[in-house]
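Working through the structure, step by step
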Amino acid sequence: MVTIELIKALVNIMEWDYEFDVVVVGSGNGALTAALCSHDGGAKTLVIEKSSQFGGTSATSGGGVWIPNNRYAKAENVDDSDQDARNYINSVSPEGMIKDELIETYISEGPRMIDYLHENSQVKYRNLAHYPDYFPDNTGGKEGNRSMEPEPIFGTELGDDLGKLREQHPQTAFTMGPINMNFTQVEGQLLLGALPGWKTQFAKLFTKYILDFAMRLKWGWKDRRLTMGNAGIARLILSLKDRKVDLWTLTAMTDLVDENGKVIGIKATKDGSSINIKANKGVILAAGGFERDQDLRDKYLPKPSNAEWSAANIHNTGDALKAALKLGADTHQMDTGWWSTTMKVPGQEKGWLSMVDKSMPGNYTVNKNGERFSNESQNYVSFVNDMFAKFDEGNPCAPCYMIFDSNFRKNRPCGPLLQGSMQPDSAVPKEWWTPSFLSKGETLEELAEIAGIDPDGLRATQAKVNGYAVTGKDLELQRGDSAYDRYYGDPSVTPNPCLAPLKEGPFYCMVLYPGEMGTAGGLVIDTHARVLKQDGQPIAGLYACGNVTTALLPTYPGPGSTLGPAMTFGYLAAKDITGTNF
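Residues numbered from 1 in each chain as written. Predicted model: local features only at pLDDT ≥ 70, side-chain atom pairs only at ≥ 80, totals over all residues. Heavy atoms only, no water.

1. Thoughts on the overall build of the protein chain
Convention followed: Only runs of H or I of at least four residues qualify as helices and only runs of E of at least two qualify as strands under DSSP, and these elements are numbered from the N terminus. When we talk radius of gyration, it's over C-alpha atoms, and the globule rule is simply 2.2 Å times the number of residues to the 0.38. Accessibility here uses a 1.4 Å probe with only protein chains present; expressed as a share of the type maximum, an area under 20% marks a residue as buried, one over 50% as exposed, and anything in between as partly exposed. The method behind every accessible area is Shrake-Rupley, applied with a 1.4 Å probe, and residues are considered shielded solely by the protein chains displayed. In this tally, Asp and Glu contribute negative charge and Lys and Arg positive charge; neither His nor the terminal groups of the chain are included. Where a charge lies is defined by one atom per residue type, namely NZ (Lys), CZ (Arg), CG (Asp) and CD (Glu).
Within the protein chain, the regular secondary structure consists of 18 helices and 23 strands. Taking 582 residues into account, the globule formula puts the C-alpha radius of gyration at 25 Å, and the protein chain, at 24 Å, falls close to it. Projected onto its principal axes, the C-alpha positions of the protein chain cover 80 × 60 × 55 Å. Looking at the protein chain as a whole, 60% of its 582 residues are labelled buried. On the protein chain, roughly 22300 Å² of surface is accessible, and the fraction owed to carbon and sulfur atoms is 50%. Of note, the protein chain has its 57 positive side-chain charges centred 5 Å away from the centre of its 71 negative side-chain charges.

Here is the structure:
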C-alpha cells in the first residue's frame, strides 16, 4: 500500500515542523547578538540551545569584550586610533595567518556593533581603563581602554528565567560553602589578588549580599547582582525578551538541511523528539568549539590534551562544526585554543582556570625537574603555548606545578583555595589533598617527594627566585618586566610586584594542566560571516561566528579577544542575511 510518507520519501519532500527566517544555533554572546540584530532587520528569528541553560561559555566567562576605539573608551578621550589598533594586531599576529580584510572589518565594524547595542538594547558596558593589552609594549599596544566589561544588572529582572541562565563559573565569584557572591572584573582584581583594599571591598559586597533576605527566600544563595559573563548574557536575553524573540532550551541541532547547495534549515531534537526547522533566510552557527569531544581533540590539538582539563561548557562537542564539514566547509587553525592552565578540582566537572593566582608574588611554577620554564605572570594563552612547545621538545612541563609557601598561603587565594586567613588547612576538603591537585610538605624536600618533583631542582629554583625578588629582576624569564605582568601583581611588593621570596614552611604545590576556555580553530568565514567552502566560495544560507569559526585574533591580544569578534561577526551575519545597514 502506498502511503503519504512513502510518497514524500520518494519525491524527497521535507516536512517542516517549524518555520522561521533565521535560526541561530547556540546562546552565547555571538549567538544572541546575531539573533537580536536579525530580528531588528525584520527577520522572524529563533535561538536554540541544546542544554537547559542559556549562555554557553560566555555566561561563565569574565565577560570582557576587546574592541579598540569603542564608544566607552572614546568617552574618556583616550589616546588610540584605528591605525594603532591595526599596528598592534599585526604585531602580535603570525604573518599571513588571518586575512587583512577580516582584521579591517573588525576594526571598523566592532565599534559600530557596540554603538548599535548600546543605543537599541539593554546591552551596556563599562570601559576597563587600566586593564592592559596582553602585549602592551608592542607597536600600537595600550595599557588600558580597549576592553569593556558588562554593566552589572539585577538577575531578578529576568524573572523565572533567571533559572535558565548558566551559572557564573565559581572562580569568577566568591564561593564558600553555599555562598556564591559575584564581583566585577575591577573588583576581582583586588579580591583575587588580595591586594591592598580587598578587605574593605569584600565587606561592602558581602554585607549587601548577605542582607538581601528577599533573594535568599526565593533563590537560595544566588546573588541578585549579576556581573561579568552572567551580566553580559542577561542583558542580551532581556533585550531579546523585549522583542519577543523565541528562545528554546533543550533543543539540539543534529544536522543541517541543504537543497541544491543552499542551507534551508536544520534537523534537531526538542524535548526528546526529532523535528525539522525551516530557515527561509539563513542559519547562523554559534554553538562554540569542540572542547568536549576527545576524538577531535586527539585529532587536532597539541599534546597532551584531555577534555577533563577543559574549563569550557561541557556541552561543547563540536556539533555545528561537524554538520558544516559534511557540506564541504573549510577549516583553519584547528590546532589552536584559548589556552589557560587549569586545576582539576576533585568533584568538579569543569577545569578551574588559573589566570591570576600564579601571577601574584610569592610563588613559582616548575616542571617535574623542579625547573621554571616560562614567565608565570605573562598572559595565560602565551604561558600554555610555552608549555606545549617545550613539552614537545622533551621538557616535562605538562602538567606543571605551582609552588608557594606559608606566607602566600595565609594571604592569597589560589584557585578554589581561599587564603589561609579565611580557609585554614583544617577547613580544606579532605579530598583536595591529593598529588593530582594539592600537596603540602613541612619542607621543600618533603613537598617534592609527595608531589613527585626533583628536590634538588626545586631547591635550586627557590634560591634563584628568592634572589630575583631581592633585586627585582628575573634574569631567566623577565617576570614583572611587562605592564601586563604587573597588572596582576601586588604594588605593595617591591622592587618587583610579581616577585616575593619563598621562605617559610610549610610549602604547598598546586598542579596545573594545559587546559583552555575554548578551542580557537574552526570554520573559515568571510567579512559577512558567511561560511566558506574549500574553494573559497560561500555556502549559501550558512553563517557562523564565535568559537565554531577560526580565530580572528589567535594570539589573544587583549582581554575579551573571543567575545569581541563573536559579537561583531554575529552582527555582520544579521546585516547580510536581512540586507539591513544598521
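2. Things to note about helix 5 (residues 82-92)
Operational definition: What the arc describes is the spread of directions from the helix axis to the C-beta atoms. Contact criterion: two residues are considered in contact whenever any of their non-hydrogen atoms come within 4.5 Å of each other.
Inspection of helix 5 places Ala85, Tyr88, Ile89 and Val92 among the buried residues, and these make up the whole buried set. Around the axis of helix 5, the buried residues are gathered within 95° of arc, so they sit on the same side. Elements in contact with the buried residues of helix 5: strand 3 (65-66) and helix 6 (100-120).

3. A few points about the pairing of strand 1 (residues 18-25)
To be explicit about the condition: Between any two strands, pairing holds if DSSP finds at least two bridges. Throughout, right-handed denotes a crossover for which the path from the first strand over the helix to the second runs clockwise when the strands point away from the viewer.
In terms of residue burial, strand 1 counts as a mostly covered element, since six of its eight residues are buried. When strand 1 meets strand 13 (residues 273-285), the two strands line up parallel, connected through seven bridges. Its bridge partner lying in strand 13, Tyr18 is registered against Ile277. Here strand 1 runs beside strand 2 (residues 45-48); their pairing, made up of four bridges, is parallel. Its bridge partner being in strand 2, Val23 is matched across the sheet by Leu46. Taken together, strand 1, helix 2 (residues 29-40) and strand 2 form a β-α-β motif whose crossover is right-handed.

4. Description of the sheet that holds strand 3
Within a sheet, neighbouring strands are paired by backbone hydrogen bonds and run either parallel or antiparallel to one another. In spatial order, the strands read 3-5-4; together these three strands make up an open sheet with antiparallel pairing. The open sheet has two free edges, formed respectively by strand 3 and strand 4 (125-127), since each of these has just one partner strand. Relative to strand 5 (residues 147-150), strand 3 is paired through two bridges, and the arrangement is antiparallel. Its bridge partner being in strand 5, Trp66 is matched across the sheet by Ser147.

5. Points about the packing of helix 6 against helix 18 (residues 563-578)
A pair of packed helices is captured by two measures, namely the crossing angle of their axes and the spacing between those axes. How we decide: Axes here refer to lines fitted to C-alpha atoms; in helices the fit is confined to the stretch in contact. Angles between the N-to-C directions go from 0 to 180 degrees. An angle counts as roughly parallel when it lies under 35 degrees, as roughly antiparallel when it exceeds 145, as roughly perpendicular when it falls between 65 and 115, and as oblique in every other case. Amino acid classes used here: Ala, Val, Leu, Ile, Met, Phe, Trp, Tyr, Cys and Pro are nonpolar; Asp, Glu, Lys and Arg are charged; the rest, including Gly, are polar.
The contact between helix 6 and helix 18 brings their axes to 9 Å, and the two run at 85°. As far as their axial angle goes, helix 18 and helix 6 are roughly perpendicular. Contacts between helix 6 and helix 18 involve Leu102, Thr105, Tyr106, Glu109, Gly110, Arg112, Met113, Tyr116 and Leu117 from the first element and Gly564, Pro565, Met567, Thr568, Phe569, Tyr571, Leu572 and Lys575 from the second. Partitioning the contact of helix 6 with helix 18 into residue classes produces ten nonpolar, four polar and three charged.

6. Quick look at the packing of aromatic side chains
To keep it simple, the criterion reads: Centres within 6.5 Å make a pair out of two Phe, Tyr or Trp rings, where for Trp the six-membered ring is used; the pair is then stacked when the planes are under 30 degrees apart, edge-to-face when over 60, and tilted otherwise. Any Lys NZ or Arg CZ found within 6 Å of a ring centre and within 35 degrees of that ring's normal is scored as a charge over the ring.
Counting across every chain of the model gives 27 aromatic pairs. Aromatic pair Trp338 and Tyr556: ring centres 5.1 Å apart, planes at 55°, arrangement tilted. You can see Trp338 sitting in strand 15 (residues 337-343) and its partner Tyr556 sitting in the loop between strand 23 (538-544) and helix 18, a full 218 residues away along the chain. Taken together, Tyr131, Tyr134, Trp338, Tyr380, Tyr484, Tyr487, Tyr488 and Tyr556 form an aromatic cluster joined through their ring pairs. Cation over ring: Lys44 sits above Phe20, and NZ or CZ is 5.0 Å from the ring centre. Here Lys270 stacks its cationic end above the ring of Trp248, 4.6 Å away from the centre of that ring.

7. Re helix 10 (residues 228-242)
Where we set the bar: By definition here, a helix of n residues has an expected span of 1.5 Å times n minus one.
For helix 10, spanning 15 residues, the distance from its first C-alpha to its last is 22 Å, which sits close to the expected 21 Å at 1.5 Å a residue. Just downstream of helix 10, Lys244 is the residue with a positive phi angle, here 60°.

8. Here's the deal with the nonpolar core
Heads up, the rule is: Buried Ala, Val, Leu, Ile, Met, Phe, Trp, Tyr and Cys residues that are joined via side-chain atoms within 4.5 Å together make up what is termed a nonpolar core.
If you look at the biggest cluster of nonpolar residues, it comprises 138 residues, and the most contacted ones within it are Leu285 and Met510. Leave out the neighbours within four places in its chain, and Leu285 touches Val25, Met253, Leu256, Ala320, Ala324, Leu523, Leu542, Tyr543, Ala544, Cys545 and Val548. By size, the runner-up hydrophobic cluster in this structure holds 17 residues, among which are Ile403, Phe507, Cys509 and Val511.

9. Topic: unusual backbone geometry
Cis geometry marks the peptide bond from Thr494 to Pro495; its omega dihedral reads 5°. Tracing the sequence through the fold places Pro495 in the loop between helix 17 (483-487) and strand 20 (507-519). Cis peptide bonds are those with omega within 30 degrees of zero, and the linkage from Gly505 to Pro506 qualifies with 0°. Assignment of secondary structure puts Pro506 in the loop between helix 17 and strand 20. Even without being a glycine, Lys244 presents a positive backbone phi close to 60°. Along the chain, Lys244 turns up in the loop between helix 10 and strand 10 (246-248). The backbone phi angle of Gln333 is positive, close to 60°, even though this residue is not glycine. Within the secondary structure, Gln333 sits in the loop between strand 14 (331-332) and strand 15.

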